[in-house]
Amino acid sequence: MLYSLFTWLKQEFNLPGAGLFQYLTFRIAMSILLSLVIAMVYGKRIILLLQKKQIGETVRELGLQGEQQKKGTPTMGGIIILLSILVPTLLFANLDKVYIRLMILCTVWLGVIGFLDDYFKLKARREALRAGGSYKKKDSDGLAGVTKIIGQVGLGIIVGVTLYFSNAVTVEREIIGSGNVALHRGERLTKDSTGRILPGTERRVVKVKTPITTIPFVKTHEFDYSRLISWIGPGAERYTWIIYIIIVTFIITAVSNGANITDGLDGLAAGVSAIVGAAIGVFIYVSSNYRFADYLNVMYIPNLAELSIFVGAFVGGCIGFLWYNAYPAQVFMGDTGSLALGGIIASLAIIVRKELLIPIFCGVFLVENLSVIIQVSYFKYTKKKYGEGRRVFLMSPLHHHYQKKGFHENKIALRFWIVTVLLVVVSIMTLKIR
């Protein structure tokens, strides 16, 4: 909004200082600062409001150290993160860009699903207490699991359809000759003995729509999704959109649920998300800058730079939320925040064509997800085979396993942050290591 306003003031009245909003770096900085202010200043007011409304966490008896101290801590604090992301984005980003609109939709969509989930949990608790009974958290999981999955799948379909069919979503390719042969950046053109490019092999840069992504650690690092279906026969590539949308939907659902599962310790999910967001910000900056993309031999994606403002707000919102969510937490994000964080990270990675790097820089989310799958699967298998369920971990998700082993939750969260930093560094190294 402010971007459009000051652009108009600059064009119509040549207002001194209005041109500052044309600089992307200025708007990124303002986005980060405003998101921090919203989270740290207005976040306190939101926490007080949640306390006033008695929107507190109900603790289950899990035998974990310090769990009873969390009883009554305000939840649904993800509202703080959502506001810290949306307000700076709406003010400083160019809302005409398809990627900005898509990420705003993603944030609101998953935020609403998480909010409804938290709301129904709270409603069930209040009704139980009003009836004079005792409420156990396991008595109600908020929204039914299938309902949340349907919501996540719905978003995945929208994201997949937009990225595949929108004419505003393109990548840059280098074409030689008549345009029938595409070169990867860095490949040589046909030259004669003197080094001159032969006639008909001139380099041309064009924007094309193609469902390609980046393969880490591989020299020829681009992968076209149409290869997954081309083996069927001639013309099969026209149905690539089906495969692409299924993959996008799976990634968004998996990462969103991974972030939701990770949100079990003070500051854990917010800290990991902030670090991962910063890494995606690096990928966006490199892929949106022609010179950096050419030097690092990575895919150049037009119109991507504006997304840096959204990422700046995302990282700032997560860090600002940690002011109150770090141990001992004064507020929990709840599903309102955790579902949105995972979905945002997945969507950003898909947009910047780095979704195959998700298992690396989102390694914590992945391991947390796998620990639950392994625990449940092994328990069911052993119960069926031996008549008694057995466990691989002391408790799942994985962070609870370490709590059972006696590690303080603050140490667990900090070490998971450190692991995420290492994974992020490895991910960024893939820009040069092929």
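Calculation rules
- Residues numbered from 1 in each chain as written.
- Predicted model: local features only at pLDDT ≥ 70, side-chain atom pairs only at ≥ 80, totals over all residues.
- Heavy atoms only, no water.
- Helix = DSSP H or I, 4+ residues; strand = E, 2+ residues; numbered from the N terminus.
- Buried < 20%, exposed > 50% of the residue type's maximum accessible area, 1.4 Å probe, protein only.
- Contact = heavy atoms within 4.5 Å.
- Areas by Shrake-Rupley, 256 points an atom, 1.4 Å probe, with all protein chains shown as cover.
- Polar contact = N/O pair within 3.5 Å; in protein donor to acceptor, adjacent residues only side chain to side chain.
- Phe/Tyr/Trp six-rings, centres within 6.5 Å; stacked < 30°, edge-to-face > 60°.
- Expected span 1.5 Å × (residues − 1).
- Arc of directions from axis to C-beta.
- Axes fitted to C-alpha atoms, helices over the stretch in contact; angles between N-to-C directions.
- Left-handed = near helix turned anticlockwise from the far one by under 90°.
- Nonpolar A, V, L, I, M, F, W, Y, C, P; charged D, E, K, R; others polar.
- Core = buried A, V, L, I, M, F, W, Y, C linked by side-chain atoms within 4.5 Å.
- Salt bridge = Lys/Arg side-chain N within 4 Å of Asp/Glu carboxyl O.
- Parallel < 35°, antiparallel > 145°, perpendicular 65-115°, else oblique.

1. Points about the overall build of the protein
Then comes step 1: Of the regular secondary structure elements, the protein holds 15 helices and five strands.
Then comes step 2: Burial status across the protein gives 50% buried among its 434 residues.
Then comes step 3: If you take every contact in the protein between residues at least 6 apart in sequence, the share linking residues at least 24 apart comes to 73%.
Then comes step 4: If you sum the accessible surface of the protein, you get close to 21100 Å²; carbon and sulfur atoms cover 63% of it.

2. Here we look at the environment of Ala-329
Then comes step 1: Position of Ala-329 relative to the elements: it lies in the loop between helix H10 (307-325) and helix H11 (334-351).
Then comes step 2: What makes Ala-329 buried here is its relative accessible area of 14%.
Then comes step 3: Separated by 63 residues in the primary sequence, Ala-329 and Asp-266 have C-alpha atoms spaced 5.6 Å apart.

3. Quick look at the side chain of Asn-260
Then comes step 1: Structurally, Asn-260 is set in helix H7 (residues 240-262).
Then comes step 2: On the accessibility criterion, Asn-260 (18% relative accessible area) is buried.
Then comes step 3: Of the polar contacts made by the side chain of Asn-260, one reaches the side chain of Ser-338; its length is 2.8 Å.
Then comes step 4: Each residue touching Asn-260, except ones within four places of it in the same chain, is listed here: Asp-335, Ser-338 and Leu-339.

4. Notes on the packing of aromatic side chains
Then comes step 1: A full pass over the atoms with the stated rule returns eleven aromatic pairs.
Then comes step 2: Each ring, one from Tyr-164 and one from Phe-165, has its centre 5.0 Å from the other, and the planes form 70°; the classification is edge-to-face.
Then comes step 3: The buried category is assigned to Tyr-164, whose relative accessible area is 18%.
Then comes step 4: For Phe-165, a relative accessible area of 44% corresponds to the partly exposed category.

5. Description of helix H1 (residues 2-13)
Then comes step 1: Taking 1.5 Å per residue, twelve residues should reach 16 Å; H1 reaches 16 Å between its end C-alpha atoms and fits that length.
Then comes step 2: Three or more residues of H1 are buried, namely Tyr-3, Thr-7 and Leu-9. Angularly, the buried residues of H1 cover 160° about the axis, an arc narrow enough to put them on a single face. In this structure, H1 carries Glu-12 and Phe-13 as exposed residues pointing more than 90 degrees from its buried face.
Then comes step 3: Just past H1, the residue Asn-14 takes up positive phi, approximately 50°.

6. Some thoughts on the packing of helix H2 (residues 24-52) against helix H3 (residues 78-92)
Then comes step 1: One can describe the packing of H2 onto H3 by two numbers: an axis separation of 8 Å at closest approach and a directional angle of 145°. Of the two elements, H2 crosses H3, and the hand of that crossing is right-handed. On H3, the residues touching Arg-27, Met-30, Ser-31, Leu-34, Ser-35, Ile-38, Ala-39, Gly-43, Ile-46 and Ile-47 of H2 are Ile-80, Leu-83, Ser-84, Val-87, Pro-88, Leu-91 and Phe-92.
Then comes step 2: Taken together, the residues that form the contact of H2 with H3 break down as twelve nonpolar, four polar and one charged.

7. Describing the nonpolar core
Then comes step 1: Of all hydrophobic cores here, the largest spans 98 residues; its most connected members are Tyr-99, Leu-163, Leu-307, Ile-345, Leu-348 and Phe-361.
Then comes step 2: Beyond its immediate sequence surroundings of up to four residues, Leu-348 is in contact with Met-103, Ile-280, Ile-284, Leu-307, Phe-310 and Val-311.

8. Some thoughts on the pattern of salt bridges
Then comes step 1: Under the counting rule described, the total for this entry stands at six salt bridges.
Then comes step 2: For Lys-121, the salt bridge identified is with Asp-117, shortest N-O distance 3.6 Å. With Lys-121 and Asp-117 both in helix H4 (residues 98-130) and four residues apart, the pair spans about one turn of that helix.
Then comes step 3: Where Asp-335 meets Lys-121, a salt bridge forms, and the shortest distance between an N and an O atom there is 3.4 Å. On the criterion of sequence distance, the pair formed by Asp-335 in helix H11 and Lys-121 in helix H4 is long-range, its members being 214 residues apart.
Then comes step 4: What makes Asp-335 buried here is its relative accessible area of 9%.

9. Structural notes on the packing of H7 against helix H13 (residues 363-386)
Then comes step 1: H13 packs onto H7 with a crossing angle of 80° between their chain directions and a minimal axis gap of 8 Å. Considering the angle they form, H7 stands roughly perpendicular to H13. Of the residues in H13, those in contact with Ala-254, Val-255, Asn-257, Gly-258, Ala-259, Ile-261 and Thr-262 of H7 are Val-364, Phe-365, Glu-368, Asn-369 and Val-372.
Then comes step 2: Taken together, the residues of the contact of H7 with H13 sort by class into seven nonpolar, four polar and one charged.

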